[in-house]
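What the coordinates show
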Amino acid sequence: MREKLKHIFAHALMNLVRAGWGGLASIATIGTSFLIIGIFLLLVLQLNALVAKWREQFRLSVFLEDRITQTQLEILEKRIQNEAAVKSIAFTSKEEALANFRRELKDQESLLEGLGDNPLPASFQLKIREGYQSPDALKRLSAFLSRLEGVEDIQYGQEWIERISNAAHIMKALGIIIGSILTLGSALIVSNTIRLAVYARAGEIEIMRLVGATKAYIRAPFLVEGMLQGSLGALLALGVLFAAYRYVAATSRLASPLFSIATDRGFLEPSMMAALVGGGALIGAIGSSLSVSRFLKT
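Going along each chain's sequence as written, the residues are numbered from 1 onward. The predicted origin of the model limits local features to residues at a pLDDT of at least 70 and limits the giving and counting of side-chain atom pairs to 80 or more, whereas totals for whole chains, interfaces and linings rest on all residues. Calculation of side-chain values draws on the structure's entire complement of heavy atoms; hydrogens and water are dropped beforehand.

Here's the deal with the overall build of the protein
Secondary structure elements are taken from DSSP: a helix is a run of H or I of four residues or more, a strand is a run of E of two residues or more, and numbering for both begins at the N terminus. On a plain count of helices and strands, the protein comes out with ten helices and four strands. Taken from N to C terminus, the helices and strands of the protein fall in the order α-α-β-α-β-α-β-α-β-α-α-α-α-α. Burial classes follow relative accessibility: with a 1.4 Å probe on protein chains only, a residue under 20% of its type's maximum area counts as buried, one over 50% as exposed, and anything between as partly exposed. For the protein, the residues scored as buried account for 37% of the 298 residues in total. A separation of at least 24 residues holds for 84% of the contacts in the protein among residues at least 6 apart in sequence. Accessible surface is estimated by sampling points in the Shrake-Rupley manner with a 1.4 Å probe; for residues, cover comes only from the protein chains shown. Split by element, the accessible area of the protein, about 17500 Å² in all, is 61% carbon and sulfur. Should any heavy atoms of two residues lie within 4.5 Å, those residues are considered in contact.

Remarks on the pattern of salt bridges
For salt bridges, the criterion is a side-chain nitrogen of Lys or Arg within 4 Å of an Asp or Glu carboxyl oxygen. Enumeration over the complete set of coordinates arrives at two salt bridges. Across the salt bridge formed by Arg67 and Glu65, the nearest N and O atoms sit 3.4 Å from each other. Looking at Glu65, the relative accessible area reads 18%, which means it is buried. Lys94 is the partner of Asp66 in a salt bridge, and the nearest nitrogen-oxygen pair spans 3.4 Å. One end of the pair, Asp66, is in the loop between strand S1 (60-64) and helix H3 (70-81); the other, Lys94, is in helix H4 (residues 94-105), with 28 residues separating them in the sequence. Classification of Lys94 by relative accessible area gives partly exposed; the value is 22%.

Dropping the structure here:
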């Protein structure tokens, strides 16, 4: 059995070398396809990392009316705390809000001269549980809180949340569509490359059939050749993608603090890289199987 496997792999490697520029073109094309798929996968992961980072820091602000009494304040705080969506609550008085605003202005505190009465409202800062941070859930929570006595306004960056949520959905949908098209294209490219190899060795295959070789034995080297082409193409894509990622990650920390948050999560997980290589091998095997099966039927 071991000798048979060695023969199959040796024959597959020989076929790959014989394929010459055709084999290299097939590997390069598969690599390009998987590079695009990898880029979409990496973008989705980085976007998810940004969303996760944002979720850790997200706060919903409940601004209070100036005329709210201490009793109303205590009742309102208890009602908010009892909400399932609220993870924690912190109170900011009018004085604390003004002090925070002064700290943010730093050297421009002169802008507050002659301000008179403190115009900033007291507020509750709510930390929302992860399962309730979707746009629809936040809308429902905001609508409920705005009806409570003593509440003046609710703010949580609704437009930004909807935009980043829509961007994530669009990116995933594009990745699935483009990935499916490129996967099909890669399988067809491998199929055509192997088909040329099969027809170039038609006489050799016919002799093998005459001496009693089974279809499985004839098919095996071509399947392995297709798997090698697919896996080598995927490895090539991962190498280019990793080099590009390292370059972008290094420069983005200087150019964009926002992107540096995403790049801190690291490159693709080992399981994802293994899945890409395995996917390349599977696509190669499918393409090869199509070509050999058609030939053997005729």
